[in-house]
Amino acid sequence: MRKTIEHLATALGRSKGKKQVLAVGGVLCLAAWATFALSMAIGVGTTARVALLSVALVATEVLFWAAAALLGLTVFQLRRTLLGRLLPGRRDDAA
C-alpha cells in the first residue's frame, strides 16, 4: 500500500499544471461545501443533508491527499505539520 501511494505521489509530482489541478480540486471542494450550505439554508431533508455532507467531506479529503502528493510531501508529513499548527500543545512525534 505504501509503495502504491509513493508511486502515485511521484507520478503526480512530475505532472505539469500542478496549480491547475489544485485549483480545479479546490473549486470542486468549495462547490461541494456551498451545496451543503445551500441545503441547510433551504431546509432539505436529513437524508439529503447527510449525503451532501458526506460528499463535501470526501471532496475535502481527496483535495488534501492530492495537494500533499502534488507538492511532493508525504501525507503524514503534511498531517503532522497541520496538526502542529492546529494543536500547538501536541508533541511533534505524537502525530
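Rules used in this analysis
- Throughout, residues of each chain are indexed from 1 in the direction in which the sequence is written.
- In keeping with the model being predicted, local features are shown solely for residues with a pLDDT of at least 70 and side-chain atom pairs are shown and tallied solely at 80 or more, while totals for entire chains, interfaces and linings include all residues.
- Hydrogens and water are ignored here; the side-chain numbers use all heavy atoms of the structure.
- Going along the chain from the N terminus, every DSSP run of H or I of four or more residues is numbered as a helix, and every run of E of two or more is numbered as a strand.
- The buried label applies to any residue whose accessible area, calculated with a 1.4 Å probe on protein chains only, is under 20% of its type's maximum; exposed applies above 50%, and partly exposed to all values in between.
- The protein chains shown are the only cover counted for residues, whose accessible areas, like all others here, come from Shrake-Rupley with a 1.4 Å probe.
- The contact rule is simple, with two residues in contact once any of their heavy atoms fall within 4.5 Å.
- Working definition: a ring pair exists when centres of Phe, Tyr or Trp rings (six-membered ring for Trp) sit within 6.5 Å. Plane angles under 30 degrees give stacked, over 60 give edge-to-face, the rest tilted.
- In this analysis an axis means a line fitted to C-alpha atoms, helices contributing only their contacting stretch, and an angle means the value between N-to-C directions, from 0 to 180 degrees.
- Roughly parallel means an angle under 35 degrees; roughly antiparallel, over 145; roughly perpendicular, 65 to 115; everything else is oblique.
- If you view the pair so one helix is near and one far, a crossing is left-handed when the near helix is turned anticlockwise from the far one by less than a right angle, and right-handed when it is turned clockwise.
- Asp, Glu, Lys and Arg are counted as charged, while Ala, Val, Leu, Ile, Met, Phe, Trp, Tyr, Cys and Pro are counted as nonpolar; the rest, among them Gly, fall into the polar class.
- Expected helix span is given by 1.5 Å per residue-to-residue step, counting one fewer step than there are residues.
- pLDDT expresses how confident the predictor is about each individual residue, on a scale running from 0 to 100.

A. Region of interest: the overall build of the protein. In terms of regular secondary structure, the protein is built from 4 helices and 0 strands. Of the regular secondary structure in the protein, the N- to C-terminal order runs α-α-α-α. Buried residues in the protein amount to 15% of all 95 residues. Total accessible area on the protein is roughly 7,200 Å²; 69% of this is exposed by carbon and sulfur atoms.

B. View of the environment of Phe 36. Assignment of secondary structure puts Phe 36 in helix 2 (residues 18-42). C-alpha separation for the pair Phe 36 and Ala 51, spaced 15 residues apart in sequence, amounts to 9.0 Å. Setting aside its immediate chain neighbours within four residues, Phe 36 contacts Arg 49, Leu 52 and Leu 53.

C. Up close: the packing of aromatic side chains. Tallied over the entire structure, the rule returns 1 aromatic pair. For the pair Trp 33 and Phe 36, a centre-to-centre distance of 6.1 Å together with 85 degrees between the ring planes defines the contact as edge-to-face. Within this pair, Trp 33 and its partner Phe 36 are both found in helix 2, separated by 3 residues, close to a single helical turn.

D. A look at the packing of helix 2 against helix 3 (residues 46-70). Packing of helix 2 against helix 3 leaves a shortest axis separation of 9 Å and a crossing angle of 160 degrees. Classified by the interaxial angle, the pair formed by helix 2 and helix 3 is roughly antiparallel. Between helix 2 and helix 3 the crossing geometry is left-handed. Touching Lys 18, Val 21, Leu 22, Gly 25, Gly 26, Cys 29, Ala 32, Trp 33, Thr 35, Phe 36, Ser 39 and Met 40 of helix 2 are Arg 49, Leu 52, Leu 53, Val 55, Ala 56, Leu 57, Ala 59, Thr 60, Leu 63, Ala 66, Ala 67 and Leu 70, all from helix 3. The residue inventory of the contact of helix 2 with helix 3, partitioned by class, reads 17 nonpolar, 5 polar and 2 charged.

E. Helix 3, seen in detail. The end-to-end C-alpha separation of helix 3 is 36 Å, in line with the 36 Å expected for 25 residues at 1.5 Å each. Of all the residues in helix 3, the buried ones are Ala 56, Ala 67, Ala 68, Ala 69 and Leu 70. A positive backbone phi angle near 80 degrees is found at Gly 72, which sits one or two residues after helix 3.

F. Here's a closer look at the confidence of the model for the protein. Averaged over all residues, the pLDDT of the protein equals 80, while 74% of them reach at least 70. The element-level mean pLDDT for the protein is lowest in helix 1 (residues 2-14), coming to 58, with helix 2 highest at 92.

G. Looking closely at the environment of Val 50. Within the fold, Val 50 resides in helix 3. Distance from Val 50 to Phe 36, taken between C-alpha atoms, is 9.0 Å for residues 14 residues apart in sequence.

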